[in-house]
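# Chains, contacts and geometry: an overview
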Amino acid sequence: MTMRPIRIIGDPVLRAACEPVTTFDADLRALVTDLMDTLLGAPGRAGVAANQIGVPAQVFVYDADGHRGHMINPTLELSDETQDDDEGCLSIPGLYFPTPRALHATAHGFDQHGEPLTISGSGFLARALQHETDHLHGRLYVDTLRGDTRRKALREIRAGRFDAPRR
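Residues numbered from 1 in each chain as written. Predicted model: local features only at pLDDT ≥ 70, side-chain atom pairs only at ≥ 80, totals over all residues. Heavy atoms only, no water.

### Points about the UniProt feature "binding site: Fe cation" (unreviewed entry) in the protein chain
Per the UniProt entry, the sites bearing "binding site: Fe cation" (unreviewed entry) are Cys-89, His-131 and His-135 in this numbering. These annotated residues cover 47 residues of sequence, and their C-alpha atoms lie no more than 10.1 Å from one another, placing them together at a single site. Taking the annotated residues in turn, Cys-89, His-131 and His-135 line the largest pocket. Among the secondary structure elements, His-131 is positioned in helix α2 (residues 124–136). Judged by its relative accessible area of 8%, His-131 falls in the buried class. Discounting residues that sit within four places of it in the chain, His-131 has contacts with Glu-87, Gly-88, Cys-89, Arg-101 and Tyr-141. A polar side-chain atom of His-131 sits 2.6 Å from a polar atom in the side chain of Glu-87. Tracing the chain through its elements places His-135 in helix α2. (UniProt positions renumbered as here; feature names shortened; annotations may be inferred. 1 Å grid on protein atoms, 1.4 Å probe; cavity = no way out; pocket = protein on both sides within 12 Å on 5 of 7 lines; lining within 4 Å. Helix = DSSP H or I, 4+ residues; strand = E, 2+ residues; numbered from the N terminus. Buried < 20%, exposed > 50% of the residue type's maximum accessible area, 1.4 Å probe, protein only. Contact = heavy atoms within 4.5 Å. Polar contact = N/O pair within 3.5 Å; in protein donor to acceptor, adjacent residues only side chain to side chain.)

This is the structure we're talking about:
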């Protein structure tokens, strides 16, 4: 089992758009395995994107609402209905804020063998799919916040008021 360290806000890899995967080989399968080991290696994790372990590739894994898997080169279809529940991030540990997201999401992409893959979900699974896809585009959940919530989140981040980095 290879649990990789999670990159923390301030690391430039989290703010850069990841490269699309073009080669579906043993190296990619090893990356998916490392991501899944990192996801499952600590309780309470819902997803890990490749850039969160320092790899700028469009790959993420998820474990939300009884669904566990991976997605490569995802695109999203989102509902107009919204949800506004608390959201957190392994790369900003310990901080949670109400974050607007689509209530329903469908992700289209590929599995680690290059086969087309689609997953649809509502609620927490939809939130996880959106959160992880955002990572692959260099966005963090705090980027979606508005008004007083955004100001509070940015103050907390600037003050370093989040938990110590975790493995």
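### Side note on the environment of Leu-145
By the secondary structure assignment, Leu-145 is in the loop between α2 and α3 (147–158). Using a relative accessible area of 1% as the deciding quantity, one classes Leu-145 as buried. In this structure, the C-alpha to C-alpha distance between Leu-145 and Pro-100, residues 45 residues apart in sequence, is 7.3 Å. Aside from chain neighbours lying at most four places away, what touches Leu-145 is Phe-97, Pro-98, Thr-99, Pro-100, Arg-150 and Ala-153.

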